[in-house]
Amino acid sequence: MQNNVRPESMERITTKALADAFIEEQIAELRAQIGDKKVLLALSGGVDSSVVAALLIKAVGRQLVCVHVNHGLMRKGESEQVIEVFGKELDANLIYVDATDRFLDLLAGVEEPERKRKIIGGEFIKVFDEEASKLEGISFLAQGTIYPDILESDGVKAHHNVGGLPEGMQFELVEPVKLLYKDEVRVVGEALGLPHAMVYRQPFPGPGLGVRCLGAITRDRLHALREADAILRAEFDNCGLAESVWQYFIAVPDFKSVGVKDGKRYEGWPAIIRAVNTRDAMSATIEEIPYDVLHKITDRITNEVPGINRVLYDLTPKPIGTIEWE
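From a predicted model like this one, the values you see are computed outputs, not experimental measurements.

K.L.:
How would you summarise the confidence of the model for the protein if you had to cite specific residues and measurements?
P.N.:
A residue-level look at the protein finds 94% of positions with pLDDT of 70 or above and a mean pLDDT of 89. Averaged over each element, pLDDT in the protein is lowest for helix α8 (residues 196-199) (82) and highest for helix α4 (residues 100-107) (98). The low-confidence segment residues 155-166, where pLDDT is below 50, has 28 contacts with residues more than four positions distant or belonging to other chains.

Take a look at the structure:
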């Protein structure tokens, strides 16, 4: 399965038995492709890269070098969780790079969404190339490309796993789940024995909060976004929506409206809730959140997050609206 076209005869992976067969096939293919050489993996801690990491650990063990780059656009506590789970619990060969200032300095004043994506994607490549140059014998770059990435790669997304590599790059690609849909990746992840919470972690875009802090990114608005998003996720956990909704997040646009706080007029940003369900990310429907939950989320965000004074709910399905705002 080394081409980029999913065979019509390929059965959807819906059971542990089918996942086990896929894992066995991929381990054999990975060993044949990699041999005794080393592999560099961008480990975000999301479902796709985590499953790729687990496959590679089974196939080539310590030949895998995982690199987690904190670009300053992660969700609250996310990099810390990656270090805890992979560095300590799974004993992965993990390199942690805090590149927050490097990314945010490059993004300062950049408003156009595709330019932001290309800056983030391009800088990621540079960081990985720099890390690889410090290591000996790195021949492969592993990526968590999944099938919808390939289907949407022509003119729709400028930053995901199938595009943007410079022609002279020294790595050969390793993409073991590139013919799978997201639900299949989850089944494979559970069959590999990954923690349930990790396997069912909601999707997170490569540019991270960079495409949810709409327009030009500022550190104060990025901080407000991160805190509001953490509240949304906590309340979805509390009310049982976390595992029934495919993806949910906050977006914060670059404009303010007037409000009242402590008896005074106060300008703040709106926090926009997006919650969608989908099977393959090609289309998406809107999740109906109970009003009592929305009221609690609104109360917490507007009272606990400095800079935000309104909460809005996005009711647009895909199509016509994409899942992300940018």
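K.L.:
Help me get a handle on the sheet that holds strand β3 (residues 94-98), residues and values and all.
P.N.:
One open sheet holds the five strands; their spatial order is β3-β2-β1-β4-β5, and the pairing between them is parallel. For this open sheet the edge positions go to β3 and β5 (172-174), each flanked by a neighbour on one side alone. The average undirected angle you get between the axes of adjacent strands in this sheet is 30°. Note that strand β4 (residues 138-142) and β5 share three bridges and pair parallel.

K.L.:
For the environment of Ile138, give the residues involved together with the corresponding values.
P.N.:
Tracing the backbone through its elements, the reader meets Ile138 in strand β4. The sequence separation of Ile138 and Ser257 amounts to 119 residues, and the corresponding C-alpha distance is 51 Å.

Each value, and the rule that gives it
Residues numbered from 1 in each chain as written. Predicted model: local features only at pLDDT ≥ 70, side-chain atom pairs only at ≥ 80, totals over all residues. Heavy atoms only, no water. pLDDT = per-residue confidence, 0-100. Helix = DSSP H or I, 4+ residues; strand = E, 2+ residues; numbered from the N terminus. Contact = heavy atoms within 4.5 Å. Pairing = 2+ DSSP bridges. Axes fitted to C-alpha atoms, helices over the stretch in contact; angles between N-to-C directions.

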